[in-house]
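# A closer look at the structure
Residue-level listing of the chains:
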Amino acid sequence: MKSSGIGGQAVLEGVMMKNKSEYAVAVRKPDGSIAVTQGKCKSLAEKSLFFRLPIIRGIVAFVESLVLGMRTLTYSASFYEEEEEKQKKRKKSSPEQEKKENIEMGITIIASIVIALLAFVVLPYFLSQLIGTRIHSYTALAAIEGVIRVVLFIGYVIAISYMEDIHRTFMYHGAEHKTINCIENGLELTVENVRRQSKHHRRCGTNFLFIVIFLSILFFMFLHFDNMWLRIISRIILVPVIAGISYEFIHFAGNSDSKVVEILSKPGMLMQKLTTKEPDNKMIEVAIASVEAVFDWREYQRRCIAAKKSRAKLQKNRQEESGRKKSRAELAEEIRRREEENARRANDRARRIMEQERKEAELEKIADEAAKRKSKRQAMLQARQDEDEDSLKSLDHYFDDKES
C-alpha cells in the first residue's frame, strides 16, 4: 500500500502519533492504564505557500517536529514526576504555568540545537584539523570530518541505549514502526499482527539524521573558505538547507518502491537497529491506542484496496486488449486486413497524385491558350495599325495630286 502519511515518535513510556494537523499521545501510566490525549498543531505550511515550497517545507517540518516532540515528551514525563512536584504545579495558575512551560520549552529546544551543533558540526571539524595536520587536500579533510561525525553519532546512540529509560523508549520506537507497518501492509490493527511486522521504517527520524550526516559530507567537500571561522559558520548555516533536502528524500522514499531508493535507504535502515528495539505486547497496545485516536486506519485500508483493485482491473483489461494470444487464423486475417489497408492507402495516394497532375495539366493548357489569345490580339492590333498607316499614305497621295 501507499504511505499512510502518519508518523510519530516514542516518548517516555508512550507513543505520539501525528496525522496532518492532529496528534495524539498515549502513555502507559504507573497504575497500568493507558492515558490518551489529543491536540492540534497547525503548521506554518497551512498559512503560507512559501512554507510549502520544497526544502523550505523540510526546514519547517524539522523545527515543528522538535517543538511537538519536546511538548509531548514533557507531557509523558509528567506522569512519572514526584507527587510533591505535581502538587507545586497544581498550586500555580494555569495561564502563568503555561507561559512558563512555553518559555522553558523554548530555552530547552534552543539549548538542544546549540549542543547538537557543537557536538556534531563544530567538534568534528576541529578533530579533523587535529588528525589531518599533514593532509593538504581539503576534500580528504572533509571526508575525514564526515567519518568522525558518523562515528560520534553512532557512539552517542550506542552510549545512551544503555540507559534504562532510553532503552525502553527505543522499544516504544519499535512499537511505533511496527504499528505503522501493520496499517500500510493492509492488516488489521491487532497486537498479533503488529508483532509480526518489521521494526524498521523508511520515514523514520533515524533515516533522516543519517541522510543529514551523509549529505553534510558531500556539501562540505565542495565548500571551502580560507578563513577558519567562515568554514565553521558556513557549516552551521548549511545545516537547515541540508535538513530540508534530507526531508525531501525521506518524503520521496516513503512513497517509492524503487530499488535505487531502497539501496540509498539501506544505511539509515541499518542505523535503526540501534534506535529501535523489539517491544512487548503492552507497548504495542499503547501504540495502537495512539494511532486509533487520530487515524481511521480501516477507511485508509478500504480506499487502498479499492484503488488497488481498480488498477489491477485496468491493467488486466489492457493486457486482454493488447497482449491476448491470437490464433493463426486471427493473425492471417489481421495481416490481410493490414495489407488491404496499406493497398487502399497507396491507391488513394496514387489517385491524389494523378488528380494533382491533371489539374496542373489543365492549368498549363489554360496558360497556353491565354498566351495564344494574347499573341493573336497583338497581331490583330498590329494589322489594324498597318492598315491605318496605308490609308493615311493614300490620302497623302490624293492631296499631292490636287496641289499639282
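Everything that follows concerns the structure shown earlier in this document.
My aim in this report is to walk through the structure given alongside it, one point at a time. Position labels on residues start from 1 in each chain and follow its written sequence. Local features are withheld for residues below a pLDDT of 70 in this predicted model, meaning they are given only at 70 or higher, and side-chain atom pairs are given and counted only at 80 or more; totals for whole chains, interfaces and linings count all residues. Note: side-chain values were computed over all heavy atoms of the structure, leaving out hydrogens and water.

### Observations regarding the overall build of the chain
The helix and strand labels rest on DSSP assignments: H or I over at least four residues marks a helix, E over at least two residues marks a strand, and numbering proceeds from the N terminus. Along the backbone of the chain there are 12 helices and 4 strands. Rg of the C-alpha trace for the chain: 42 Å, well past the compact-globule value of 22 Å for 404 residues, more than 25% over. Among the 404 residues that make up the chain, the fraction classed as buried is 31%. Surface exposure here means Shrake-Rupley accessible area, sampled with a 1.4 Å probe, where a residue is shielded only by the protein chains that are shown. For the chain, the exposed area adds up to about 26,700 Å²; of that, 59% sits on carbon and sulfur atoms. In this tally, Asp and Glu contribute negative charge and Lys and Arg positive charge; neither His nor the terminal groups of the chain are included. We put the charge of a Lys on NZ, of an Arg on CZ, of an Asp on CG and of a Glu on CD. Charge centroids of the chain, computed over 67 positive and 56 negative side chains, lie 9 Å from each other. It is over C-alpha atoms that the radius of gyration is taken, and the globule rule equals 2.2 Å times the number of residues to the power 0.38. A 1.4 Å probe rolled over the protein chains alone gives each residue an accessible area, and that area as a share of the maximum for its type sets the label: buried under 20%, exposed over 50%, partly exposed in between.

### Some remarks on the pairing of strand 1 (residues 7-11)
Pairs of strands are assigned from DSSP output, requiring at least two bridges between the strands. Where strand 1 and strand 2 (residues 14-19) come together, 5 bridges link them in antiparallel fashion. By the bridge assignment for strand 2, glutamine 9 is matched with methionine 16.

### Overview of the environment of isoleucine 56
With respect to the element layout, isoleucine 56 can be found in helix 1 (residues 56-77). Classification of isoleucine 56 as partly exposed rests on a relative accessible area of 24%. Considering only alpha carbons, one finds isoleucine 56 and serine 391, 335 residues apart in sequence, at a separation of 104 Å. Here, residues are in contact when the closest pair of their heavy atoms is within 4.5 Å. Other than its neighbours up to four places away in sequence, isoleucine 56 contacts Phe50 and Phe51.

### Observations regarding unusual backbone geometry
Backbone geometry follows two general trends: most residues other than glycine have a negative phi, and most peptide bonds adopt the trans configuration. The phi torsion at lysine 20 lies on the positive side, around 60°, for a residue other than glycine. Mapped onto the secondary structure, lysine 20 falls in the loop between strand 2 and strand 3 (22-28).

### A word on the pattern of salt bridges
The term salt bridge refers to a pairing of a side-chain nitrogen on Lys or Arg with a carboxyl oxygen on Asp or Glu at a separation within 4 Å. Scanning the entire structure with this criterion turns up 20 salt bridges. Between arginine 149 and glutamate 145 there is a salt bridge, and its shortest N-O distance comes to 2.7 Å. One end of the pair, arginine 149, and the other, glutamate 145, are both in helix 4 (residues 138-161), 4 residues apart, so they sit about a helical turn from each other. Each member of the pair, arginine 149 as well as glutamate 145, carries the same accessibility label: buried. Connected through salt bridges with shared partners, the residues Glu341, Arg344, Arg345, Asp348 and Arg351 form a single ionic network.

### Topic: the sheet that holds strand 4 (residues 34-40)
Taken in spatial order, the 4 strands make up an open sheet running 1-2-3-4, and their pairing is antiparallel. Strand pairing shows two members of the sheet lacking a second neighbour, strand 1 and strand 4, which therefore form its edges. Across the sheet, the mean angle separating the axes of adjacent strands is 15° when strand polarity is ignored. With 6 bridges connecting them, strand 2 and strand 3 associate as antiparallel partners. Note that in strand 3 the partner of lysine 18 across the bridge is tyrosine 23. Strands in contact with helix 1 are strand 1, strand 2, strand 3 and strand 4; relative to strand 3, the strand with the most contacts, it is inclined by about 30°. Helix axes use the C-alpha atoms of the stretch in contact, all axes being lines fitted to C-alpha atoms, and the angles between their N-to-C directions lie in the range 0 to 180 degrees. Packed on one face of the sheet, helix 10 (residues 281-294) meets strand 2, strand 3 and strand 4 and runs near 155° to strand 3.

### Structural notes on the nonpolar core
In these notes, a set of buried Ala, Val, Leu, Ile, Met, Phe, Trp, Tyr and Cys residues joined through side-chain atoms within 4.5 Å is what counts as a nonpolar core. If you look at the biggest cluster of nonpolar residues, it comprises 27 residues, and the most contacted ones within it are Ile183, Leu189, Val291 and Phe295. Elements represented by at least two residues in this core include exactly strand 2, strand 3, helix 5 (164-184), helix 6 (191-195), helix 10 and helix 11 (297-322). Among the elements that make up this core, the one with the highest residue count is helix 10 (8 residues). Apart from the residues within four sequence positions on either side, phenylalanine 295 is in contact with Ser4, Ile6, Asn19, Ile183 and Tyr300.

### Quick look at the environment of valine 60
Among the structural elements, valine 60 can be located in helix 1. The class of valine 60 is buried, set by a relative accessible area of 10%. As for valine 60 and leucine 44, which are separated by 16 residues in sequence, their C-alpha atoms are 7.3 Å apart. Ignoring anything within four residues of it in the chain, the contact list for valine 60 reads Ser43, Leu44 and Phe51.

### Some remarks on the packing of helix 4 against helix 7 (residues 205-222)
Helix 7 packs onto helix 4 with a crossing angle of 165° between their chain directions and a minimal axis gap of 8 Å. In this view, helix 4 runs roughly antiparallel relative to helix 7, as classed from their interaxial angle. Classified by chirality, the crossing of helix 7 by helix 4 is right-handed. Counted together, Tyr138, Thr139, Ala142, Ala143, Glu145, Gly146, Arg149, Val150 and Phe153 of helix 4 and Leu209, Ile213, Ser216, Ile217, Phe220 and Met221 of helix 7 form the full contact between these two elements. Angles below 35 degrees are treated as roughly parallel, those above 145 as roughly antiparallel, those between 65 and 115 as roughly perpendicular, and all remaining angles as oblique. Crossings are assigned a handedness: left-handed for a near helix turned anticlockwise from the far helix by less than a right angle, right-handed for a clockwise turn.

### Side note on the packing of aromatic side chains
Aromatic rings from Phe, Tyr and Trp, with only the six-membered ring used for Trp, were paired whenever their centres fell within 6.5 Å, and each pair was classed as stacked if the ring planes differed by under 30 degrees, edge-to-face if by over 60, and tilted otherwise. This structure, assessed with the given rule, holds 7 aromatic pairs. Centroid distance phenylalanine 62 to phenylalanine 208: 5.6 Å. Interplanar angle 35°. Geometry classified as tilted. Here the residue phenylalanine 62 occupies a position in helix 1, and phenylalanine 208 occupies one in helix 7, the gap between them amounting to 146 residues. Both rings, one in phenylalanine 120 and one in phenylalanine 153, keep their centres 6.2 Å apart while their planes meet at 75°; by these two values the pair is edge-to-face. With phenylalanine 120 in helix 3 (residues 94-131) and phenylalanine 153 in helix 4, the pair connects residues that are 33 residues apart, well separated along the chain. Judged by relative accessible area, phenylalanine 120 falls into the partly exposed class, the value being 21%. Residue class for phenylalanine 153 comes out buried when judged on its relative accessible area of 8%. Grouping aromatic residues by their ring pairs yields a cluster made of Phe120, Phe153 and Tyr156. Stacked on the ring of phenylalanine 220, the Lys or Arg arginine 235 has its end atom at 4.7 Å from the ring centre. Our definition puts a charge over a ring when NZ of Lys or CZ of Arg is within 6 Å of the ring centre and also within 35 degrees of the ring normal.

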